[in-house]
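# Structure assessment
What follows is the residue order along each chain.
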Amino acid sequence: QVQLVESGGGLVQAGGSLRLSCAASGRTFSIYTMGWFRRPPGKAREFVASINWSSDGTYYTDPAKGRFTISRDNDKNTMYLQMNSLKPEDTAVYYCAAAGKFARSYDYWGQGTQVTVSS
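Position numbers for residues start from 1 in each chain and track the written sequence from start to end. Since the coordinates come from a predicted model, pLDDT governs what is reported: local features require at least 70, and pairs of side-chain atoms require 80 or more to be given and counted, while whole-chain, interface and lining totals use all residues. The basis for every side-chain value is the complete set of non-hydrogen atoms in the structure, without hydrogens or water.

## Re the overall build of the protein chain
Numbering of helices and strands runs from the N terminus, with a helix taken as a DSSP run of H or I at least four residues long and a strand as a DSSP run of E at least two residues long. Helix and strand counts for the protein chain come out as 0 helices and 11 strands. The linear arrangement of helices and strands in the protein chain, starting from the amino end, is β-β-β-β-β-β-β-β-β-β-β. Here the C-alpha atoms of the protein chain give a radius of gyration of 13 Å, agreeing with the 14 Å that 2.2 N^0.38 yields for 119 residues. Considering only C-alpha atoms, the protein chain reaches an extent of 40 × 25 × 25 Å along its principal axes. Each residue is assigned to one of three classes by its accessible area relative to the maximum for its type, calculated with a 1.4 Å probe on protein chains only: buried under 20%, partly exposed between the two thresholds, exposed over 50%. The buried share of the protein chain, reckoned over its 119 residues, is 43%. Any pair of residues with heavy atoms lying within 4.5 Å of one another is described as a contacting pair. Taking the contacts inside the protein chain whose residues are at least 6 apart along the sequence as the reference set, 54% of them involve residues at least 24 apart. Carbon and sulfur atoms make up 47% of the accessible area of the protein chain, which amounts to about 6400 Å² in all. Atoms considered for the radius of gyration are the C-alpha atoms alone. The globule rule reads 2.2 Å times the number of residues to the power 0.38. Only the protein chains shown count as cover for residues, and all accessible areas are computed by the Shrake-Rupley method using a 1.4 Å probe.

## What about the pattern of salt bridges?
Just to be clear on terms, a salt bridge is a Lys or Arg side-chain nitrogen sitting within 4 Å of an Asp or Glu carboxyl oxygen. Following the criterion strictly, the structure yields 4 salt bridges and no others. A salt bridge links arginine 38 to glutamate 46, with the shortest nitrogen-to-oxygen separation between them at 2.8 Å. Aspartate 62 is the salt-bridge partner of lysine 65, the closest N and O atoms lying 3.3 Å from each other. For aspartate 62, a relative accessible area of 60% puts it in the exposed group. A single network of salt bridges, built from pairs that share partners, joins Arg38, Glu46, Arg67 and Asp90.

## Considering the sheet that holds strand S1 (residues 2-7)
The strand order across the open sheet formed by 4 strands is S1-S3-S8-S7, and the pairing between neighbours is antiparallel. Two strands bound the open sheet, and with one partner strand each, they are S1 and strand S7 (68-73). Strand-to-strand twist in this sheet, taken as the mean axis angle between neighbours without regard to direction, amounts to 15 degrees. As defined by bridge partners, S1 adjoins strand S3 (residues 18-26) across 6 bridges and the pair is classed as antiparallel. Each residue of the ladder has a partner; that of glutamate 6, found in S3, is cysteine 22. DSSP calls a pair of strands paired once it identifies at least 2 bridges connecting them. Lines are fitted to the C-alpha atoms to define the axes, a helix being fitted only along its stretch in contact, and any angle between axes, read from their N-to-C directions, falls within 0 to 180 degrees.

## Overview of unusual backbone geometry
Despite not being glycine, serine 55 shows a phi value in the positive range, around 65 degrees. Relative to the assigned elements, serine 55 resides in the loop between strand S5 (46-51) and strand S6 (58-60). Residue serine 55 is classed as partly exposed on the basis of its relative accessible area, which comes to 35%. Of note in this structure, asparagine 77 is not a glycine but carries a positive phi near 55 degrees. Residue position: asparagine 77 is located in the loop between S7 and strand S8 (78-83). Taking the relative accessible area as the measure of exposure, asparagine 77 reaches 29% and is therefore partly exposed.

What follows is the structure, encoded as structure tokens:
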């Protein structure tokens with residue numbers, strides 16, 4: 001009942017920046033936590049960052065900390081991931097995910113958007 005669509009991926013040179021967007025639709029009132037995950041080529045999906053409803057609780061994986069910034073605009077039902085100082089190892093398919101306040105896991109996932117960082 002919640003649909004998530006990512007956008008903003010593309011090809012960027014190392015050291016450059018990209019801003020990913022995740023647009024939510026459907027039963028968006030039920031969403032409390034939103035997060036970004038990524039799947040590097042040949043590797044399993046991994047956590048990148050998450051943010052709660054009021055945006056006062058954010059978490060980042062160590063590789064993203066200090067370079068990536070997660071944010072959300074609840075009026076627009078949109079979450080963002082600002083990625084700066086990109087590295088080739090950031091190359092991956094990036095996925096948007098969402099969960100209810102008391103959910104034990106992320107229940108909703110987008111289709112992903114490709115981010116490629118050239119050296």
